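# A look at the structure
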There are 2 protein chains.
Amino acid sequence: MPMGRLRDRQRVETRAVILEAALDLMETKGYEHTTVEDIAAASGVSSRTFFRYFESKADVLFDKHDSDADHDDKSQAMTAALANRPASESTIEALRAVLHDKLGELFDHDDGFKLRQLRVVLAEPSLRLLAREGFHEHGPQLAAAFAQRLHTTPDDLGPRVLAAAFQEAIWVILERWSASGGELDRLPVLIDEAFATMATGFR
Amino acid sequence: MPMGRLRDRQRVETRAVILEAALDLMETKGYEHTTVEDIAAASGVSSRTFFRYFESKADVLFDKHDSDADHDDKSQAMTAALANRPASESTIEALRAVLHDKLGELFDHDDGFKLRQLRVVLAEPSLRLLAREGFHEHGPQLAAAFAQRLHTTPDDLGPRVLAAAFQEAIWVILERWSASGGELDRLPVLIDEAFATMATGFR
DNA sequence: GACTATGTGTCATAGACTGACAGAATGTCA
DNA sequence: TGACATTCTGTCAGTCTATGACACATAGTC
């Protein structure tokens, strides 16, 4: 018994309206100084309804919805790309190559919506935590890719640790990148710099 | 003009009472189901007073007080130990050796108070974030130690990334360790396993 | 003993979030 | 089209974390 389509459209619409209003307010007034009631008022709904669309105030910035596809897509693409690198490459070199290809794309989508979210998030320490957590959710996937290259099981501590280490490395790169302006061209440069040090640091 | 000592003793005492009461309640009822008012009542103070001793409810579990000394001490000890490892060792090998020496000590103190805190923290996802954040606060120190070994500047992206990567690796090791029982003897084993994979993964 | 600094309780309030209920809109089906 | 169920929404009430303001008591100083 499939439910109608007008309802669905309205739901998507309302969600989008709230999302835009919230982001808009947070960009100008800051996250803390934007109350849920503000957002609700600006969206033309009640604050109770806001919570029917988003689990929490912070959830507006970590929008797992159209992201859901993205989320897994990015992960999948990453893993696949990693698997397709020649086995002759070291793990670190393969990852560097993949990052060069894929990381830039992540911020080139969405009409810069993700970038706007990122800026608000990075401005608020408490949100940085959540962002990093979301980032690390890809850990198991990445670990699986590493396990394949290293001929071990994904559940082993080794690949898991390796993945976590690289993820945190990427995270720091992103923070540094955003702190230094966030120019898309700068990203590959920072990646190379960081990975060069890691290569020597582990030898 | 030095203020009295009875006051100081009372303050320390009250803090300790709240700390113990809070941890006790959280262990039995769980973090979320323990309200500040519960803690206050069990401690014989008002909830307003609770917030005069701790910035937030979570702050009880990330006690920067007697930790303050510990906090820096551990960091210092770690950095010093790292500097004292022979220059012939690789960075990864030096760190492994230091962890073997120092990491166990961290949970052998405090009459297991830190361990009790850790268990409550790990049971609550939202608290894991904070814990990891606190853990990563040592980042700059560790980066400095690495910079010294690698003959670069601590502010460089390289050492910073390297430190972050290793820290996250350690964090994952700790999570795995705690999830698998938390026996003190197991820790070195896990460290070795993880570092072995990292060494091959980076080659 | 007078004076000051500090700690505490009480009261009031803001803000995030949740449950319960009623009414309105949307969907299905005869 | 009209009866019926489903879903969405607003309103209201309430919990919990956290903060500011005020008054009172206690500890410290001279």
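Presented here is a report on the structure given in the accompanying data block. (Residues numbered from 1 in each chain as written. Chains lettered and ligands numbered in written order. Predicted model: local features only at pLDDT ≥ 70, side-chain atom pairs only at ≥ 80, totals over all residues. Heavy atoms only, no water.)

When helices and strands are counted, chain A shows ten helices and zero strands. The N-to-C order of helical and strand elements in chain A reads α-α-α-α-α-α-α-α-α-α. Classification of the 203 residues of chain A by burial places 45% in the buried group. Here the analysis covers contacts within chain A between residues at least 6 apart in sequence; of these, 64% occur between residues at least 24 apart. As presented, chain A carries roughly 10600 Å² of accessible surface, and 52% of it is formed by carbon and sulfur atoms. Taking the average location of the 24 positive side-chain charges in chain A and that of its 34 negative ones, the two points are 2 Å from each other. (Helix = DSSP H or I, 4+ residues; strand = E, 2+ residues; numbered from the N terminus. Buried < 20%, exposed > 50% of the residue type's maximum accessible area, 1.4 Å probe, protein only. Contact = heavy atoms within 4.5 Å. Areas by Shrake-Rupley, 256 points an atom, 1.4 Å probe, with all protein chains shown as cover. Lys, Arg positive; Asp, Glu negative; His and termini not counted. Charge placed at Lys NZ, Arg CZ, Asp CG, Glu CD.)

Looking now at the relation of the copies chain B and chain A. Mapping chain B onto chain A leaves a residual RMSD of 0.1 Å; the transformation is a rotation of 180° accompanied by 0.0 Å of translation along its axis. Both copies are brought into coincidence by an operation consistent with a two-fold rotation axis. No C-alpha of chain B approaches the rotation axis more nearly than that of Ala165 of chain B, which lies at 2.0 Å. A high fraction, 100%, of the interface residues of chain B reappear at the interface in chain A, so the copies pair face to face through one surface. (Least-squares fit on C-alpha atoms with pLDDT ≥ 70 in both.)

Let us look at empty space enclosed by the protein. Residues and elements named next belong to chain B. Evaluated as defined, the whole model comprises one cavity of 30 Å³ or more. Leu115, Leu118, Arg119, Leu122, Trp177, Ser178 and Gly182 together form the lining of the largest cavity. Mapped by element, the contributors of at least two residues to the lining of the largest cavity are helix H6 (113–123) and helix H9 (157–179). The greatest single-element share of the lining of the largest cavity, amounting to four residues, is contributed by H6. Residues of the lining of the largest cavity, tallied by class, amount to four nonpolar, two polar and one charged. (1 Å grid on protein atoms, 1.4 Å probe; cavity = no way out; pocket = protein on both sides within 12 Å on 5 of 7 lines; lining within 4 Å. Points joined across faces, edges and corners; volume = space filled by probe spheres on them. Nonpolar A, V, L, I, M, F, W, Y, C, P; charged D, E, K, R; others polar.)

A few words on the interface of chain B and chain A. Taken together, the 34 residues of chain B in the interface contact 34 residues of chain A. Across the interface of chain B and chain A, roughly 3000 Å² is buried in total on both sides, 73% from carbon and sulfur atoms. Across the salt bridge formed by Glu133 of chain A and Arg132 of chain B, the nearest N and O atoms sit 2.8 Å from each other. The interface formed by chain B and chain A includes four residue pairs in polar contact (both at pLDDT 80 or more). Elements represented by at least two residues in the side of chain B that touches chain A include exactly helix H5 (91–106), helix H7 (125–136), H9 and helix H10 (186–201) of chain B. With 14 residues, the top contributor of residues to the side of chain B that touches chain A is H9 of chain B. Grouping the amino acids of the side of chain B that touches chain A by side-chain chemistry returns 18 nonpolar, seven polar and nine charged. (Buried area = accessible area lost by both parts, 1.4 Å probe. Salt bridge = Lys/Arg side-chain N within 4 Å of Asp/Glu carboxyl O. Polar contact = N/O pair within 3.5 Å; in protein donor to acceptor, adjacent residues only side chain to side chain.)

Take the packing of aromatic side chains next. Residue and element names in this part refer to chain A. Overall, the coordinates contain ten aromatic pairs over all chains when judged by the stated rule. An angle of 50° between the planes, with centres 5.6 Å apart, marks the rings of Phe146 and Phe166 as tilted. In this pair, Phe146 is assigned in helix H8 (residues 139–150) and Phe166 in helix H9 (residues 157–179), connecting sequence segments 20 residues apart. Both residues of the pair, Phe146 and Phe166, belong to the buried class. Here the basic side chain of Arg11 rests over the ring of Tyr53, its NZ or CZ set 4.3 Å away from the ring centre. Directly above the ring of Tyr31 sits Lys57, whose terminal nitrogen or CZ lies 4.4 Å from the centroid. (Phe/Tyr/Trp six-rings, centres within 6.5 Å; stacked < 30°, edge-to-face > 60°. Lys NZ or Arg CZ within 6 Å of the ring centre and 35° of its normal.)

To continue, consider the nonpolar core. Counting residues in hydrophobic clusters, the biggest one holds 93 residues, and the most contacted among them are Leu61, Ile173 and Phe195 of chain A together with Ile173 and Phe195 of chain B. Per-element accounting of this core gives the leading share, 14 residues, to H9 of chain A. Not counting residues up to four positions away in its chain, the partners in contact with Ile173 of chain B are Leu157 and Val161 of chain A together with Leu187, Leu190, Ile191, Ala194 and Phe195 of chain B. (Core = buried A, V, L, I, M, F, W, Y, C linked by side-chain atoms within 4.5 Å.)

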